[in-house]
Protein chains: 2
Amino acid sequence: MSLLNKTIDSISGQDETSRAQAKERLDQLIMPHWALGRLMDLALDLAGICGSVRPSVKRKTIIVMAGDHGITDAGVSLFPKEVTVEMVRGFVNGVAGINVLARQAGADVKVVDMGVAGDLSALSVNGDILDRKIAPGTNNFAEGPAMSRDQAIRALEAGISAAQELADSTDLFGTGDMGIGNTSSSSAIVATICQLPVADVVDRGTGLDDAQLKHKIKVLEKALALNNPDPADPIDVLSKVGGFEIAGIAGLVLGAAALKKPIIIDGFISTAGALLAGRLAPKSKEYMIAAHRSVEKGHVAALTDLGKEPLLDLQFRLGEGTGAAVAMNLIEGAVAILTEMATFNEAAVSEAN
Amino acid sequence: MSLLNKTIDSISGQDETSRAQAKERLDQLIMPHWALGRLMDLALDLAGICGSVRPSVKRKTIIVMAGDHGITDAGVSLFPKEVTVEMVRGFVNGVAGINVLARQAGADVKVVDMGVAGDLSALSVNGDILDRKIAPGTNNFAEGPAMSRDQAIRALEAGISAAQELADSTDLFGTGDMGIGNTSSSSAIVATICQLPVADVVDRGTGLDDAQLKHKIKVLEKALALNNPDPADPIDVLSKVGGFEIAGIAGLVLGAAALKKPIIIDGFISTAGALLAGRLAPKSKEYMIAAHRSVEKGHVAALTDLGKEPLLDLQFRLGEGTGAAVAMNLIEGAVAILTEMATFNEAAVSEAN
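Keep in mind that this is a model prediction, so the values were computed, not measured.

*Asks:* Would you mind going over the overall build of chain A in detail, with residue names and values included?
*Replies:* Counting its regular elements, chain A contains 15 helices and six strands. In summary, chain A has a C-alpha radius of gyration of 20 Å against a globular reference of 20 Å for 353 residues, a match within 12%. For the C-alpha atoms alone, the extent of chain A along its principal axes is close to 70 × 45 × 45 Å. A total of 353 residues make up chain A; the buried ones form 65% of that total.

Below is the structure:
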């Protein structure tokens, strides 16, 4: 059996016994019932995911999946394609948004070259870049499929293998992305999977003006009509309008779920990947934690489809894993509530009348 | 001149030069313009508050103002008054909600006894409890004023002096509260200051049912009619329907603003205190950062009056400073963005077309 199928088959749901044990303790902590709201919901999930009332989330890794997009030739982004490589250099040098927010959260940052249109070998020091390059960028899906079905499967498996490789040093995964043009690919995926009009899920990306946004919508409408991806077949969607880094994210989510590790889903791009993972293995959704609500309007549609309420709304629209990094502090807080607070009995505090 | 008047007179607004310098740098960081949204707005505020493009927020302290309320005799809370002392013991022992969330955020917790109805001297070790007790609990304001005008002023000044005492070891303040019955006092303050019907700002506190909530509203309506506090005179409001710990919070905010230090306002109780501080010294609002949106419905009215949009919405309704503790991670992230990210020039990244 292929790695992809084996992984999908091995994903089962959260551990209900640990969830129930965590619930029992949380119900008795010294405060009005459930007064730390969403962090307590999160604590339940973490117990269920890790199969323990003392889940560990100490070792945190943000995995920035990087890839380029042929669709940039159709003029859908403000930034030139070279920026993907330049930003990866920024990640390795520790000076980008994800680096500073990951440092604040005590998380490592790893870059996975899923399909950057440039040579990253000179940049890779200390194993900060994992080489899983499928091809130097996707094809322009305004003119035909972004990649072959075989490439899509290999990219998903590369994401799974990245999860497996990093699992030894990671309790808590966070997704991230880098790829000029990837809001276009994500919009096409979300429109297809959620069966929504393109115009409802496309937004300004890195900062398009009204005319440029109109152009982006037109390009994507034509591309979807041309490729006609099958909403019931996530690998078809991925190969026709996806991206290598988005496939990598989907694979990473599947890999984490199979390993029973929590994975924080960053913003719009990551959620497009998570949506594909959720279609390939519905139980994988039980391992996903939605970090934040992005400014990109397609994000809400994707989150709603996944049944996820994001933890934060900070008007981010950067990607890179920045929302996941900020959310890691909340995950740590949730675990601390479950494992470090006293119960009414333990602390001899009077209960409600 | 009194400490209160001297402090109020010394509060001036944010430093506009540092704000402008921070804006210039933030505009050039390697990402789409302002793509880290609210954390960048926050970075501007921190530069303006601290008067520096390299604001320091390393040393963080949550100050839990504690006091009891005579209004509990009117049956407005589920928990008995003894819980205030019991919870302070929990704070000193490090096992309450605020302790675990403050630890996660790397913050110290200090308790200030503003007016607990019990002897805390045996609990105070390592200077964890500052003694500023005005009286052992307020009077029942269902039957007359909660405290004298002189006590209200002394309580405000005790809060200012706590800020001054802790300023040497604190870059970033967070407010917190403990006091059974204090949602009743806070509701009365917010209803008066914002000139709203009591029923619009009262909620379930530690968990009242429908009948108990109805009773709480009736008690507060009668108490406000009896005391008739003057909305234009914050000290009159405080003395008639306030609490010692709420006065302490108001004083703490004034003290922090006078010292030009950022202060994170926790939930409903803290915001009632901040509202009074904002009426006493409108410029103090420029030093306040709203942590989160509490479940208590009066909180939104108070935040709106202050012109503050909270950073988080995690369905908290605990107080103690728990929301402020979680928000401290966001403050650190904002400073990291301002001080650690590279500009397009520094990192040689191509700009938008």
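*Asks:* Describe the interface of chain B and chain A, and please don't skip the residues or the numbers.
*Replies:* Between chain B and chain A, the contact holds 52 residues from the first and 52 residues from the second. When the two sides are added together, the surface that chain B and chain A hide from each other amounts to roughly 4400 Å², 65% of it contributed by carbon and sulfur. When residues of chain B are sorted by the area they lose upon contact with chain A, Pro32(B), Gln104(B) and Leu314(B) head the list and together hold 11% of the total. One salt bridge connects Arg103(A) with Glu340(B), and the closest N-O pair in it is separated by 3.0 Å. Put simply, chain B and chain A have 20 residue pairs in polar contact (both at pLDDT 80 or more) between them.

*Asks:* Help me get a handle on unusual backbone geometry, residues and values and all.
*Replies:* All names here are of chain A. The phi torsion at alanine 348 lies on the positive side, around 50°, for a residue other than glycine. Structurally, the position occupied by alanine 348 is in the segment after helix H15 (344-347). Relative accessible area serves as the criterion here: at 48%, alanine 348 is assigned to the partly exposed category.

*Asks:* So, the side chain of Asp203(A): which residues are in play, and what are the values?
*Replies:* Residues and elements named next belong to chain A. The topology assignment puts aspartate 203 in the loop between helix H8 (198-201) and helix H9 (210-227). Although buried, aspartate 203 forms no salt bridge, and the nearest oppositely charged side chain, arginine 204, lies 4.4 Å from it. The residues touching aspartate 203, leaving out its near neighbours within four places in the chain, are Leu208, Leu213, Lys216, Val295, Glu296 and Lys297.

*Asks:* Residues and numbers for the packing of helix H7 (residues 182-193) of chain B against helix H9 (residues 210-227) of chain B, please.
*Replies:* Helix-helix packing is characterised by the crossing angle of the two axes and by the distance between the axes. Residue and element names in this part refer to chain B. Close contact between H7 and H9 brings their axes to 11 Å; oriented N to C, the two are set at 55°. Put simply, H7 runs oblique to H9. In terms of crossing hand, the pair formed by H7 and H9 is right-handed. Residues Thr183, Ser184, Ser187, Ala188, Ala191 and Thr192 of H7 pack against Lys216, Leu220 and Leu224 of H9. Tallied by class, the residues present in the contact of H7 with H9 amount to four nonpolar, four polar and one charged.

*Asks:* Describe the pattern of salt bridges, with residues and values.
*Replies:* Residue and element names in this part refer to chain B. As enumerated under the stated definition, the model contains 32 salt bridges over all chains in all. When the shortest N-O distance is used, the salt bridge between aspartate 150 and arginine 154 registers 3.2 Å. Here the residue aspartate 150 and the residue arginine 154 both occupy positions in helix H6 (residues 149-167), the gap between them amounting to four residues, near one helical turn. Residue aspartate 150 is classed as partly exposed on the basis of its relative accessible area, which comes to 46%. A residue is classified by how much of its surface remains accessible, and arginine 154, at 38% relative accessible area, is partly exposed. One salt bridge in this structure joins lysine 283 and glutamate 286, with 3.5 Å as the shortest N-O distance. When its relative accessible area of 43% is taken as the criterion, lysine 283 is described as partly exposed.

*Asks:* Can you explain the sheet that holds strand E1 (residues 60-67) of chain A? Please cite residues and give values.
*Replies:* Residue and element names in this part refer to chain A. Ordered by their spatial adjacency, six strands build an open sheet running E3-E2-E1-E4-E5-E6, and the pairing between neighbours is parallel. If you trace the sheet from one side to the other, it starts and ends with strand E3 (129-131) and strand E6 (288-290), each paired once. Between one strand and the next, the sheet's axes are offset by a mean angle of 30°, whatever the strand orientation. Alignment of E1 against strand E2 (residues 107-115), held across eight bridges, turns out to be parallel. Bridge pairing in E2 places valine 64 opposite valine 111. Sheet strands in contact with helix H4 (residues 83-93) are E1, E2, E3 and strand E4 (172-178), and its direction is about 145° off that of E4.

*Asks:* Quick rundown of the sheet that holds strand E2 (residues 107-115) of chain B? Include the residues and the values.
*Replies:* Residue and element names in this part refer to chain B. Read across the open sheet, the six strands follow the order E3-E2-E1-E4-E5-E6; overall the sheet is parallel. The two strands at the open ends of the sheet, each matched to only one other strand, are strand E3 (129-131) and strand E6 (288-290). Going from strand to strand, the sheet's axes swing by 30° on average, the running direction of each strand aside. When strand E5 (residues 263-265) meets E6, the two strands line up parallel, connected through three bridges. Among the inter-strand pairings, isoleucine 265 is bridged to a residue of E6, identified as alanine 290. Set on the sheet, helix H5 (residues 97-105) makes contact with strand E1 (60-67) and E2; between it and E2 the angle comes to about 145°.

*Asks:* Let's hear about the relation of the copies chain B and chain A: which residues, and what values?
*Replies:* Note on the copies: chain B fits chain A at an RMSD of 0.0 Å, the axial shift is 0.0 Å, and the rotation between them is 180°. Such a turn and shift between the copies fits a two-fold axis. Residue by residue, 100% of the interface of chain B is reproduced at the interface of chain A, so both copies engage with the same surface.

Here is what the cut-offs are and how they apply
- Once a new chain begins, its residue numbering starts again from 1 and follows that chain's sequence as written.
- Whichever chain is written first becomes A and whichever ligand is written first becomes 1, with later ones labelled in order.
- Reporting in this predicted model follows two pLDDT cut-offs: at least 70 for local features of residues, and 80 or more for side-chain atom pairs to be given and counted; totals over whole chains, interfaces and linings ignore these cut-offs and use all residues.
- Only heavy atoms go into the side-chain values, all of them from the structure, while hydrogens and water stay out.
- Secondary structure elements are taken from DSSP: a helix is a run of H or I of four residues or more, a strand is a run of E of two residues or more, and numbering for both begins at the N terminus.
- Our radius of gyration looks at C-alpha atoms and nothing else; its globule reference is 2.2 Å times the residue count to the power 0.38.
- Burial classes follow relative accessibility: with a 1.4 Å probe on protein chains only, a residue under 20% of its type's maximum area counts as buried, one over 50% as exposed, and anything between as partly exposed.
- A contact between two residues is defined here by any heavy atoms of the two lying within 4.5 Å.
- Throughout, the accessible surface (probe 1.4 Å) given up by two parts as they are put together, summed over both, is called the buried area.
- A pair is scored as a salt bridge if a Lys or Arg side-chain nitrogen falls within 4 Å of a carboxyl oxygen belonging to Asp or Glu.
- We call two N or O atoms a polar contact when they sit within 3.5 Å, provided that within protein one can donate a hydrogen and the other can accept it, with sequence-adjacent residues counted only if both atoms are side-chain atoms.
- Only four residue types enter the charge count: Lys and Arg as positive, Asp and Glu as negative, with His and the chain ends excluded.
- For helices, the fitted line uses only the C-alpha atoms of the stretch in contact; every axis is such a line through C-alpha atoms, and the angle between N-to-C directions lies from 0 to 180 degrees.
- For classification, angles of less than 35 degrees are called roughly parallel, those exceeding 145 degrees roughly antiparallel, those between 65 and 115 degrees roughly perpendicular, and all remaining angles oblique.
- Crossings are assigned a handedness: left-handed for a near helix turned anticlockwise from the far helix by less than a right angle, right-handed for a clockwise turn.
- Note that Gly is not counted as nonpolar here; it falls among the polar residues with everything else outside the nonpolar set of Ala, Val, Leu, Ile, Met, Phe, Trp, Tyr, Cys and Pro and the charged set of Asp, Glu, Lys and Arg.
- Between any two strands, at least two bridges found by DSSP are needed for them to pair.
- For this overlay, a least-squares fit was computed on C-alpha atoms, restricted to residues scoring pLDDT of at least 70 in both copies.

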